[in-house]
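A structural walkthrough
As a plain string of letters, each chain reads:
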Amino acid sequence: SLLRLGGEKRGISSFFSDVAGFTSISEKLSHEDLVNLLNEYLSEMTDIILSHGGTLDKYEGDAIIAFWNAPLDQSDHAFKACQAALLCQKRLEDLTPDLIKRYGRRLAMRIGINSGEAVVGNMGSKSRFDYTAMGDTVNLASRLEGACKQYNIPILVGETTFQEIKDVFVSREVDLIRVVGREKPARVYEIIGDKDAVSINELEKIEIFHNALRAYRHQQWEKALGLFESLEGDELAKLYIKRAQQLKNCRLPEYWSGVYDLKEK
């Protein structure tokens, strides 16, 4: 009864996910195996989203679009969205040995989450419409999912989402970015796990990374490089090493703030 024609403005947490390299995967499978693999994957992920209060918006091929706090009120919608994202990644990890055995393929998913106001409601034509969400909040969540590829990170969330969940989940700041089609920079974060499930060693590495990022933004290149290089095996640290090596020989403007312009969606 709460669903009505038209839209209303609500604060939501928007969720976008995609399978890395799915086009390449699909080329190597029979049509039957591709359909079975996709349906199995979508079923597992959707069950987690729905069981954690998410509203499924739509599927677009292997992509899943969902949101929280509509049509029903959920005061902890950012928490629920991030929890679902972590559980989706964990479930896919658990499924991987069986998927490799049956389909010969490993799946990796990227997830972008952003919280804020959006227009939510029944959109479309008079004869056919869908219950969906639209707005800048939703668009940024989509861009964050795409940015996961560039940063080699499984889950990226926006600033508003981070502020809501920072006391519950361990996270680290990833970058200050300007996504394609958006002028305002966005501070983005990686959600790593529940606070009681992350090791002391991992927490120490996160602290080192944050110190390195601080030095990088203050143009303390040698200090930043030394700290980033101490994080062996960290793909994000490798990215910053490459950036710092390039920037330390450049004459940067006085107002340089470290904002990075993404070139791809």
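As a starting point, this report considers the structure included with it. Computed from a predicted model, the values in this text were never measured in an experiment.

**Section: the overall build of the protein**
For the protein, the helix and strand inventory stands at eight helices and nine strands. Relative to a compact globule of 265 residues, whose C-alpha radius of gyration would be 18 Å, the protein shows 20 Å and is just as compact. Considered along the principal axes of its C-alpha atoms, the protein spans approximately 60 × 45 × 35 Å. For the protein, buried positions account for 46% of its 265 residues. When the accessible surface of the protein is split by element, carbon and sulfur atoms take 48% of a total near 14,100 Å². Once the 35 positive and 40 negative side-chain charges of the protein are each reduced to a mean point, those two points are 4 Å apart.

**Digging into the packing of aromatic side chains**
Enumeration according to the criterion identifies 11 aromatic pairs in this entry. Here Tyr216 and Tyr240 contribute two aromatic rings whose centre-to-centre distance is 5.0 Å and whose plane-to-plane angle is 80°, an arrangement assigned as edge-to-face. Of this pair, Tyr216 sits in helix α6 (residues 200–217) while Tyr240 sits in helix α8 (residues 235–247), and the two are 24 residues apart along the sequence. A relative accessible area of 2% places Tyr216 in the buried class. One aromatic cluster in this structure is built from Phe209, Tyr216, Trp221, Phe228, Tyr240 and Trp256.

**A short note on the packing of helix α2 (residues 31–51) against helix α3 (residues 77–103)**
As a packed pair, α2 and α3 sit with axes 9 Å apart at the nearest point and diverge in direction by 155°. Judged on the interaxial angle alone, α3 and α2 are roughly antiparallel. For the pair α2 and α3, the crossing hand works out as right-handed. Facing Asp33, Asn36, Leu37, Glu40, Tyr41, Glu44, Met45, Ile48 and Ile49 of α2, the residues of α3 in contact are Ala84, Leu87, Cys88, Arg91, Leu92, Leu95, Asp98, Leu99, Arg102 and Tyr103. The residue makeup of the contact of α2 with α3, split by class, is 12 nonpolar, one polar and six charged.

**Here we look at the nonpolar core**
In this structure, Phe15, Tyr41, Leu107, Ile111, Ile113, Val157 and Ile191 are the most contacted members of the largest nonpolar core, which totals 38 residues. Per-element tally for this core: the top contributor is α3, with 11 residues. Counting 30 residues, the second largest nonpolar core, distinct from the first, contains Phe209, Trp221, Leu231 and Leu236.

**A short note on the packing of helix α7 (residues 221–229) against α8**
In the contact formed by α7 and α8, the axes pass within 9 Å of each other and the chain directions differ by 160°. In this view, α7 runs roughly antiparallel relative to α8, as classed from their interaxial angle. Judged by the twist between their axes, the crossing of α7 over α8 is left-handed. Each of Trp221, Leu225, Phe228 and Glu229 in α7 lies in contact with α8, whose residues at this interface are Ala237, Tyr240, Ile241, Ala244, Gln245 and Leu247. Its residues assigned to classes, the contact of α7 with α8 shows eight nonpolar, one polar and one charged.

**Observations regarding the pattern of salt bridges**
Under the definition given, this model contains 18 salt bridges. Ionic pairing is found between Asp234 and Arg172, a salt bridge with its closest N-O pair at 2.8 Å. Of this pair, Asp234 sits in the loop between α7 and α8 while Arg172 sits in strand β7 (residues 169–178); the two residues are 62 residues apart in sequence, bridging distant segments of the chain. Exposure remark for Arg172: the relative accessible area of 9% places this residue in the buried category. A cluster of three or more residues bridged by salt bridges with shared partners is formed by Glu8, Arg10 and Asp73.

**Remarks on the pairing of strand β1 (residues 6–19)**
Looking along a regular strand, one sees the side chains alternate between the two faces of the sheet. Alignment of β1 against strand β4 (residues 109–124), held across 14 bridges, turns out to be antiparallel. Bridging from a neighbouring strand, Lys9 pairs with Val119 of β4. Where β1 meets strand β3 (residues 63–68), five bridges bridge the pair, whose relative direction is antiparallel. Looking across to β3, one finds that Phe16 is bridged to Ile65.

**Let's talk about the side chain of Asn114**
Tracing the chain through its elements places Asn114 in strand β4. Take Asn114: its relative accessible area is 6%, and that puts it in the buried class. Only 3.2 Å separates the side chain of Asn114 from the backbone oxygen of Thr137, close enough to count as a polar contact.

**As for α8**
The end-to-end C-alpha distance of α8 is 19 Å, a good match for the 18 Å that 13 residues give at a rise of 1.5 Å each. Within α8, the full set of buried residues consists of Leu236, Ala237, Tyr240, Ile241, Arg243, Ala244 and Leu247. Where α8 is buried, its residues meet α4 (136–151), β7, α6, α7 and β9 (260–261).

What counts, and at which threshold
- Residues numbered from 1 in each chain as written.
- Predicted model: local features only at pLDDT ≥ 70, side-chain atom pairs only at ≥ 80, totals over all residues.
- Heavy atoms only, no water.
- Helix = DSSP H or I, 4+ residues; strand = E, 2+ residues; numbered from the N terminus.
- Rg over C-alpha atoms; globule rule 2.2 N^0.38 Å.
- Buried < 20%, exposed > 50% of the residue type's maximum accessible area, 1.4 Å probe, protein only.
- Areas by Shrake-Rupley, 256 points an atom, 1.4 Å probe, with all protein chains shown as cover.
- Lys, Arg positive; Asp, Glu negative; His and termini not counted.
- Charge placed at Lys NZ, Arg CZ, Asp CG, Glu CD.
- Phe/Tyr/Trp six-rings, centres within 6.5 Å; stacked < 30°, edge-to-face > 60°.
- Axes fitted to C-alpha atoms, helices over the stretch in contact; angles between N-to-C directions.
- Parallel < 35°, antiparallel > 145°, perpendicular 65-115°, else oblique.
- Left-handed = near helix turned anticlockwise from the far one by under 90°.
- Contact = heavy atoms within 4.5 Å.
- Nonpolar A, V, L, I, M, F, W, Y, C, P; charged D, E, K, R; others polar.
- Core = buried A, V, L, I, M, F, W, Y, C linked by side-chain atoms within 4.5 Å.
- Salt bridge = Lys/Arg side-chain N within 4 Å of Asp/Glu carboxyl O.
- Pairing = 2+ DSSP bridges.
- Polar contact = N/O pair within 3.5 Å; in protein donor to acceptor, adjacent residues only side chain to side chain.
- Expected span 1.5 Å × (residues − 1).

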